[in-house]
Amino acid sequence: MAFNSHRDFFEVLEKEGELARVKKEVDWDGEAGAIGRKTYENQGPAILFEKIKDYPEGYRISNGTTGTWSRVALSMEMAKKASVREIYQEYEKRVDIKIPPKILKKSDAPCKENIMLGDEVDLHQFPMPLIHEGDGGRYVGTWDVVINKDPETNWQNWGMYRFMAHTKNWLTGWPQTTSQFAFIMNKSYLPYNKPMPVAIVLGADPLSHIIATAGIKPYENEAENVGGLRGQAVELVQCETSDLMVPAHAEIVIEGEVMPDQIAPDGPFGEYPGYRSGTMCAGVAVKVKAVTYRSKPIVTMIALGTPPDDSSIAASLTAAVAMKKGLMRHGVPVTDVYVPPEGVTHLIVIGVTKGGTETTRKVLDYFTLRRIMTNKHIVVDADVDVFNMAEVLHCFATRCHPGRGILYEWYEGRSNSLTPFYNPEERKKLKGCSVAFDSTWPPEWEKEIVPIKSSFKTIFGKEIIDKVNNNWDTYGIKL
Ligand SMILES: Cc1cc2nc3c(=O)[nH]c(=O)nc-3n(C[C@H](O)[C@H](O)[C@H](O)COP(=O)(O)O)c2cc1C
Ligand SMILES: [Mn+2]
């Protein structure tokens, strides 16, 4: 049975030894964030902070729901020990299955247990954490599902975008201009000076959050992808102040409008590449019109920073599978793509059946065509396990020619301004550069000149490999 809610999933995490309940009172101002960060950096459990300073009993903060591969596997109802390759394969299989959502009556939706409307709205009634020292404010949406709608087609887009409390009923956020949130806003609302309804959902079922990080195509309905990934329709309910549809079992739903005549500075924030960002100007300003929430609500935090955490793990999965499909459509003979969480979507590994300069050029073309979030691409031969970074590094070190094997390309207006190594001028102009490392044997090389890899599987003949494998238990060597 698929998990309907954040709470259901936490019960499973607890049974599997993947949850720590912190009963001691913890301060929302820095302490919860620091505990979350230290836990990530030691591959620790998901956390439920059960007593938050200044808040009533029952108001809780979670951290790290799917911040490790084992917890991602559990969220997909796979074995906790599933390998990264198995998780990728399962996700790739399920993500194109579409199961339409089921619409619940408002009276049946747990997220409507409590409703604050209009002047009653006070975001400070929820234990929003000040996650890192130096953050511009208390971030309420770090692990959220944000929903907005294209009025022309009724397409409801889901994405994950951070939001910070500005006052008791204003939020600021920073959806990048390349996001679909901004695409809809800039196409159908701002030019007409119309407020844009938005819903910011905290604490939905785990797969709704994972799908919110995925670059699903415009005009496709993410709620259907979540159904496919879960193998069961996701249950939605209509908002109180708009016709947006939100996950009915969510902990907290913040309903508001992006005001077309306001801009707001957002940040700084301890961002996903693992560094504090500066203040991002021209963020969006959201006037909050209602908050609906479950009793004893849980604010979903991720104490984002150096990898791994929920952000780098989710992006590893959802981005890599989308890239693999994109590269195939682009004519690259791709076997697998791996986005190592440690590379925070800056570094991508691409396995190909036929390497060389032409293939590497095609890979670089693909990664520099549209919105550009990546910048280093290692192209490896099919004999390399892309999920094994020791093999990838060995391949890169020994097959990439420093003169002939490095291709790069500059561009302007399309780079990701959160990339740490760009200088202030480059960030302002969205100027960037991407590189591809051809770490493959030149396809024109005769078989005789390709060096034989000196590993157990490749340097011995079948006879001796079989003999050693069959006799392994008799040698007394435990591996
Ligand atoms: C934790 C987390 C926070 C994110 N915050 C933002 C953000 O504030 N702004 C943004 O443009 N993208 C952000 N992203 C990336 C988007 O979620 C991602 O690009 C997604 O595809 C957006 O959906 P869209 O394709 O509908 O725009 C974030 C991703 C994660 C994992
Ligand atoms: Mn989307």
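So, how was this worked out
Residues numbered from 1 in each chain as written. Chains lettered and ligands numbered in written order. Predicted model: local features only at pLDDT ≥ 70, side-chain atom pairs only at ≥ 80, totals over all residues. Heavy atoms only, no water. Pairing = 2+ DSSP bridges. Helix = DSSP H or I, 4+ residues; strand = E, 2+ residues; numbered from the N terminus. Buried < 20%, exposed > 50% of the residue type's maximum accessible area, 1.4 Å probe, protein only. Arc of directions from axis to C-beta. Contact = heavy atoms within 4.5 Å. Domains from an automatic or database assignment. Buried area = accessible area lost by both parts, 1.4 Å probe. Salt bridge = Lys/Arg side-chain N within 4 Å of Asp/Glu carboxyl O. Polar contact = N/O pair within 3.5 Å; in protein donor to acceptor, adjacent residues only side chain to side chain. Near = heavy atom within 4 Å. Areas by Shrake-Rupley, 256 points an atom, 1.4 Å probe, with all protein chains shown as cover. Nonpolar A, V, L, I, M, F, W, Y, C, P; charged D, E, K, R; others polar. Core = buried A, V, L, I, M, F, W, Y, C linked by side-chain atoms within 4.5 Å. Axes fitted to C-alpha atoms, helices over the stretch in contact; angles between N-to-C directions. Phe/Tyr/Trp six-rings, centres within 6.5 Å; stacked < 30°, edge-to-face > 60°. Right-handed = clockwise from strand over helix to strand, strands pointing away.

Read across the open sheet, the 3 strands follow the order β4-β12-β13; overall the sheet is mixed. Both outer strands of the open sheet, β4 (102–103) and β13 (245–247), are each paired with one neighbouring strand and no more. Pairing of β4 with strand β12 (residues 235–238), which is carried by 2 bridges, proceeds in the parallel orientation. Note that in β12 the partner of K102 across the bridge is E235.

Moving on to helix α2 (residues 31–41). Within α2 the residues assigned to the buried category are A32, G33, G36, R37, T39 and Y40. Down the axis of α2, the buried set is contained in an arc of 165 degrees. They therefore lie on one face. The secondary structure elements touched by the buried residues of α2 are β2 (46–49), β3 (60–63), β16 (298–301) and α8 (310–329). The first or second residue beyond α2 is Q43, which carries a positive phi of 50 degrees.

Attention shifts here to the domain arrangement of the chain. What the domain assignment lists for the chain is domain 1 (83–295) and domain 2 (330–449). Contacts between the two partners involve 14 residues from domain 1 and, on the opposite side, 15 residues from domain 2. Between domain 1 and domain 2, the buried area comes to about 1,300 Å², and carbon and sulfur atoms account for 59% of it. Per-residue buried area on domain 1 facing domain 2 is highest for R85, Y88 and Y272; these three make up 42% of the total on that side. Counting the contacts that link domain 1 with domain 2 gives 2 salt bridges. When the shortest N-O distance is used, the salt bridge between R85 and D336 registers 3.1 Å. Counting every contact that joins domain 1 to domain 2 gives 5 residue pairs in polar contact (both at pLDDT 80 or more). Here the side of domain 1 that touches domain 2 gets 3 residues from one element, more than from any other, and that element is helix α4 (residues 84–94).

Time to look at the site of ligand 1. Residues in contact with ligand 1 amount to 19 residues; listed here are only the nearest, M160, Y161, R162, Q176 and Q180. Within the backbone of R162, a nitrogen or oxygen atom sits 2.9 Å from an oxygen atom of ligand 1. When the free accessible area of ligand 1 is taken as 640 Å², the share hidden by the protein chains comes to 88%. Of all the elements, strand β8 (residues 156–159) adds the most residues to the shell around ligand 1, at 3 residues. The residue makeup of the shell around ligand 1, split by class, is 8 nonpolar, 9 polar and 2 charged.

Relative to the helices and strands, Y139 is located in strand β6 (residues 138–141). Accessibility expressed as a relative area gives 1% for Y139, which makes it buried. Considering only alpha carbons, one finds Y139 and R162, 23 residues apart in sequence, at a separation of 7.3 Å. Residues within four places of Y139 in sequence aside, it is in contact with M128, P129, I131, R162, F163, M164, D266, G267, P268 and F269. For Y139, the side chain forms a polar contact with the side chain of D266, separated by 3.2 Å. Within the local environment of Y139, its side chain forms a polar contact with the backbone nitrogen of G267, the two atoms lying 3.2 Å apart.

So, on to the nonpolar core. Formed by 68 residues in total, the largest nonpolar core has its most connected members in I87, Y88 and Y91. A total of 7 residues in this core trace back to one element, the largest contributor, which is α8. Shared between two domains, this core takes at least three residues from each, and those domains are domain 1 (83–295) and domain 2 (330–449). Beyond its immediate stretch of four places on either side in the chain, I87 contacts W69, V72, A73, M76, M78, A82 and L317. Within the second largest apolar cluster, 56 residues are counted, among which are W28, Y40, I52 and L130.

Pairing between sheet strands relies on hydrogen bonds along the backbone, with the strands arranged either parallel or antiparallel. Strand order in this open sheet of 5 strands is β17-β18-β19-β21-β20, and the pairing throughout is mixed. Since the sheet does not close on itself, it has two edges, and those belong to β17 (334–338) and β20 (406–411), each with one partner. On average, adjacent strands in this sheet sit at an angle of 20 degrees to one another, irrespective of strand direction. Across the sheet, α8 touches β17 and β18 (347–352), and the angle it forms with β17 is around 155 degrees.

Under the defined criterion, the tally for this structure stands at 18 aromatic pairs. An angle of 55 degrees between the planes, with centres 6.2 Å apart, marks the rings of F456 and F460 as tilted. Judged by its relative accessible area of 41%, F460 is partly exposed. Taking 5.5 Å as the distance between ring centres and 90 degrees as the angle between the ring planes, the aromatic pair formed by W472 and Y475 counts as edge-to-face. With W472 and Y475 both in helix α13 (residues 462–475) and 3 residues apart, the pair spans about one turn of that helix. A relative accessible area of 26% means that W472 is categorised as partly exposed. Overall, the relative accessible area of 39% leaves Y475 in the partly exposed class.

Next up on the list: the pairing of strand β1 (residues 19–22). In the sheet, β1 pairs with β2 via 4 bridges, with the strands oriented parallel. Its bridge partner lying in β2, R21 is registered against L48. Running through α2, the crossover from β1 to the neighbouring parallel element β2 is right-handed.

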